[in-house]
Amino acid sequence: MKLSRKSHCKINLLLNVVGQRADGFHELEMLMLPVPIFDRLDFELLGHGIELTCNQPGIPTDSSNLACQAAESFAAKAGVTGGVRVHLEKSIPAEGGLGGGSSNAAATLLALNELHDQPLGQATLHELAAELGSDVPFFMQSQAAVAKGRGEIIEPVAPLEALDGKSLLLVRPGFGVPTPWAYQGLAKFPGAKNRPLGQADELAKRLANSSLAEASAFYNSLEAPVFDKFPLLNLMKQHALANGAEAALLCGSGSTVFVICPDAATAQSLGQAIKSKFGQQSFVQTVPLPGDFPNTVA
Ligand code: C5P
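Nothing here was measured: the structure is a model prediction, and the numbers come from that model. Residue numbers run consecutively from 1 along every chain, following the written order of its sequence. Local features in a predicted model are, by the rule used here, given only for residues with pLDDT of at least 70; side-chain atom pairs are given and counted only at 80 or more, and totals for whole chains, interfaces and linings are based on all residues. To get the side-chain values, take all heavy atoms of the structure and skip hydrogens and water.

### Let's talk about the domain arrangement of the protein chain
Counted only if it meets this: Each domain's limits were defined by an automated method or a database of domain assignments. In this description, contact between two residues means that some pair of their heavy atoms is separated by no more than 4.5 Å. Buried area: the accessible surface (1.4 Å probe) lost by two parts on joining, summed over both. The term salt bridge refers to a side-chain nitrogen of Lys or Arg lying within 4 Å of a carboxyl oxygen of Asp or Glu. Any pair of nitrogen or oxygen atoms within 3.5 Å is treated as a polar contact; in protein, a donor-acceptor pairing is required on top of that, and neighbouring residues in sequence qualify only through side-chain atoms on both sides.
One can read the domain layout of the protein chain as domain 1 (2-156) and domain 2 (161-288). Averaged C-alpha coordinates put domain 1 and domain 2 at centres separated by 23 Å. Facing 29 residues of domain 1, the contacting portion of domain 2 comprises 40 residues. Of the roughly 2,500 Å² buried between domain 1 and domain 2, counting both surfaces, carbon and sulfur atoms make up 65%. Taken as a group, L13, L15 and E95 account for 22% of the area that domain 1 buries against domain 2, more than any other trio of residues on that side. Viewed at the interface, domain 2 and domain 1 are joined by one salt bridge. In this structure, the salt-bridge partner of D201 is K148, at a minimum N-O distance of 3.0 Å. Our enumeration of links across domain 1 and domain 2 arrives at 13 residue pairs in polar contact (both at pLDDT 80 or more).

### Re the packing of aromatic side chains
Where we set the bar: When the centres of two rings from Phe, Tyr and Trp lie within 6.5 Å, Trp using its six-membered ring, the rings pair. Their planes under 30 degrees apart give stacked, over 60 give edge-to-face, and anything left gives tilted. Burial status follows relative accessibility: with a 1.4 Å probe on protein chains alone, a residue under 20% of its type maximum counts as buried, one over 50% as exposed, and anything between as partly exposed. Numbering of helices and strands runs from the N terminus, with a helix taken as a DSSP run of H or I at least four residues long and a strand as a DSSP run of E at least two residues long. As a reminder, the over-ring test applies to NZ of lysine and CZ of arginine, requiring each to be within 6 Å of the ring centre and within 35 degrees of the ring normal.
Under the defined criterion, the tally for this structure stands at four aromatic pairs. Judged by centre distance (5.2 Å) and plane angle (75°), the rings of F138 and F139 are edge-to-face. Comparing F138 with F139 shows no difference in burial state: the two are buried. Here the aromatic rings of W181 and F230 are separated by 6.0 Å at their centres, their planes lie at 65°, and the arrangement is edge-to-face. Residue W181 is located in helix α4 (residues 179-185), and its partner F230 is located in the loop between α6 (223-229) and α7 (231-242); the two are separated by 49 residues in the primary sequence. Its relative accessible area of 30% is what places W181 among the partly exposed residues. Among the aromatic residues, ring-to-ring pairing joins F175, W181 and F230 into one connected group. Over the ring of Y219 we find R195, and its NZ or CZ is 3.7 Å from the ring centre.

Laid out in structure tokens, this is it:
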């Protein structure tokens, strides 16, 4: 039995760290937007074992890959003894703050549940997703959502109509940022953790009412430690804001910076300008919003 699925990425329109938790994670509120850039995963049931291959040599294909972990935790929970072969075609850059690995894990849980005739219900799948990683539950669905707790409490929001017709520019430089390092770095920036709660809901409401909020309403606590270490990212953000962008922000823990532009022409010319001013970046892509999220492969 075979099945192919697409797995999208995300940006955080807001990532407000509101405290440190006893379990070592941080308490967050985020406004997360699905973004139509896709990896593709091909699944084939096997007699036994979990095999992963990937078109990109730099991506681990052992049990450190979240897709393998998802297949293992699905099999354990569903009591499945057979195995699976997964081939992953990566288009979403790794260590960019775009959630590609988390999205692959969510796609794997959903695909395996389908291939095995839905042995697990939604609540159990959500639990498995949350165990795999803080961002995985968001990818079990494809709507914009507010995420709370450590990221696993997902509240879908009304369509963010203010973004319709806008163009999103994503720029990832030639280096990545490890997420644990970015969160640890927050300790040196207490000011980045003392914004009041409620901003994710507030921004979702404003964007649903078709008025694009001022650029400062798009906020990410992790910019403080990440921009301190990698000032290039802030220079790219400020360049975009001074040259026609309506908003620009670090994606999650980075290293991608996203830029919301009024139209595709602005996004393309800003992408070109960033390349010529700051050097060739590893990934520069323009995406029309809001985008479609079919997870089936044509
Ligand atoms: O949950 P996930 O494995 O994706 O998190 C990666 C790392 O990011 C964690 O080990 C932790 O250091 C940090 N993190 C955090 N608080 C969160 C989410 C992630 O401190 N809410």
